[in-house]
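Analysis of the macromolecular model
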Amino acid sequence: MTDTPSAEAIQEKKNLIAATIKALQSGGDEGYLRELLTLLQKNLSSVLVMFDRNPGLDAATTDLYAAASAVVNDMKAGAQPLARKRRLLREAQERFDERVMLARPNTRKPSAAWCKEEIFLAA
């Protein structure tokens, strides 16, 4: 058995995710936005392994990543309305934060293989 993740470690990851999302919303060139999206995926994966498998958290994570992907794809294409996509991203982040608060910390050995195979394919 491993130790459960501390509240500080969970909050640190949530702060990294929030900072990445804020940077995504600020915009930039395509390469920079793609790097931010990759960083977001890594941070989301690292949060998921901190908790027992939870369908609600899985769905919130998928929604957050999909919303971030839509913002990135639309910024490079100049698609409209970007304001709506940013609002959807904020709402997805709020749902993700709520689900993290409700999730039960993982007490087993972490394994993130399923994260990459299932969670991020939807985006």
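Residues numbered from 1 in each chain as written. Predicted model: local features only at pLDDT ≥ 70, side-chain atom pairs only at ≥ 80, totals over all residues. Heavy atoms only, no water.

Turning our attention to the side chain of Ser46. Positionally, Ser46 belongs in helix H2 (residues 30–48). Judged by relative accessible area, Ser46 falls into the buried class, the value being 19%. At a separation of 3.4 Å, a polar atom in the side chain of Ser46 contacts the side chain of Lys13. Engagement of the side chain of Ser46 in a polar contact is seen with the backbone oxygen of Asn43, the distance being 2.8 Å. (Helix = DSSP H or I, 4+ residues; strand = E, 2+ residues; numbered from the N terminus. Buried < 20%, exposed > 50% of the residue type's maximum accessible area, 1.4 Å probe, protein only. Polar contact = N/O pair within 3.5 Å; in protein donor to acceptor, adjacent residues only side chain to side chain.)

Another aspect to go through is the packing of helix H1 (residues 7–26) against helix H4 (residues 82–102). For the pair H1 and H4, interaxial distance at closest approach is 11 Å and the crossing angle is 175 degrees. Classified by the angle their axes make, H1 and H4 are roughly antiparallel. When H1 is examined against H4, the residues Ile10, Lys14, Ile17, Ala18, Ile21 and Gln25 are found in contact with a partner set consisting of Arg86, Leu89, Arg90, Gln93, Phe96, Asp97, Val100 and Met101. Its residues assigned to classes, the contact of H1 with H4 shows 8 nonpolar, 2 polar and 4 charged. (Axes fitted to C-alpha atoms, helices over the stretch in contact; angles between N-to-C directions. Parallel < 35°, antiparallel > 145°, perpendicular 65-115°, else oblique. Contact = heavy atoms within 4.5 Å. Nonpolar A, V, L, I, M, F, W, Y, C, P; charged D, E, K, R; others polar.)

Let's shift gears to H1. Here H1 contains 20 residues, and its C-alpha end-to-end distance of 29 Å stays within 8% of the 28 Å for a straight helix at 1.5 Å per residue. Every buried residue of H1 is listed here: Ile10, Lys14, Ile17, Thr20, Ile21, Ala23, Leu24 and Gln25. Just past H1, the residue Gly27 takes up positive phi, approximately 90 degrees. (Expected span 1.5 Å × (residues − 1).)

What sets the pattern is the α-helix's 3.6 residues per turn: residues three or four places apart point alike. Taking 1.5 Å of rise per residue, the 21 residues of H4 would be expected to cover 30 Å, and the 31 Å separating its terminal C-alpha atoms lies within 8% of that figure. Taken together, the buried positions of H4 are Leu82, Lys85, Leu89, Ala92, Gln93, Phe96 and Val100. Here the buried residues of H4 occupy an arc of 105 degrees about the axis, which is enough to place them on one side. For H4, exposure combined with an orientation more than 90 degrees from the buried face picks out Ala83, Glu98, Met101 and Leu102. (Arc of directions from axis to C-beta.)

Attention now moves to the nonpolar core. By size, the foremost hydrophobic cluster in this structure holds 29 residues, and its most contacted members are Ile17, Leu40, Phe51, Leu64 and Phe96. Put simply, the parts of the chain that give this core at least two residues each are H1, H2, helix H3 (55–77) and H4. In terms of residues, this core owes the most to one element, H3, which gives 9 residues. The contact partners of Ile17, leaving out residues within four places of it in the chain, are Leu40, Asn43, Leu44, Val47, Leu64 and Phe96. (Core = buried A, V, L, I, M, F, W, Y, C linked by side-chain atoms within 4.5 Å.)

Following the sequence through the fold, Ala9 ends up in helix H1. Counting along the chain gives 38 residues from Ala9 to Val47, while the straight-line C-alpha distance between them is 9.2 Å.

In helix packing, the relevant descriptors are the interaxial angle and the interaxial distance, both defined with respect to the helix axes. Direction vectors running N to C along H1 and H2 enclose 160 degrees, while the axes themselves pass 9 Å from each other. As far as their axial angle goes, H2 and H1 are roughly antiparallel. The two elements H1 and H2 meet at a crossing, and its hand is left-handed. Together, Lys13, Leu16, Ile17, Thr20, Ile21, Ala23 and Leu24 of H1 and Tyr32, Leu33, Leu36, Leu37, Leu39, Leu40, Asn43, Leu44, Ser46 and Val47 of H2 make up the contact between the two elements. (Left-handed = near helix turned anticlockwise from the far one by under 90°.)

As far as function goes, none of this settles anything; it's purely spatial.
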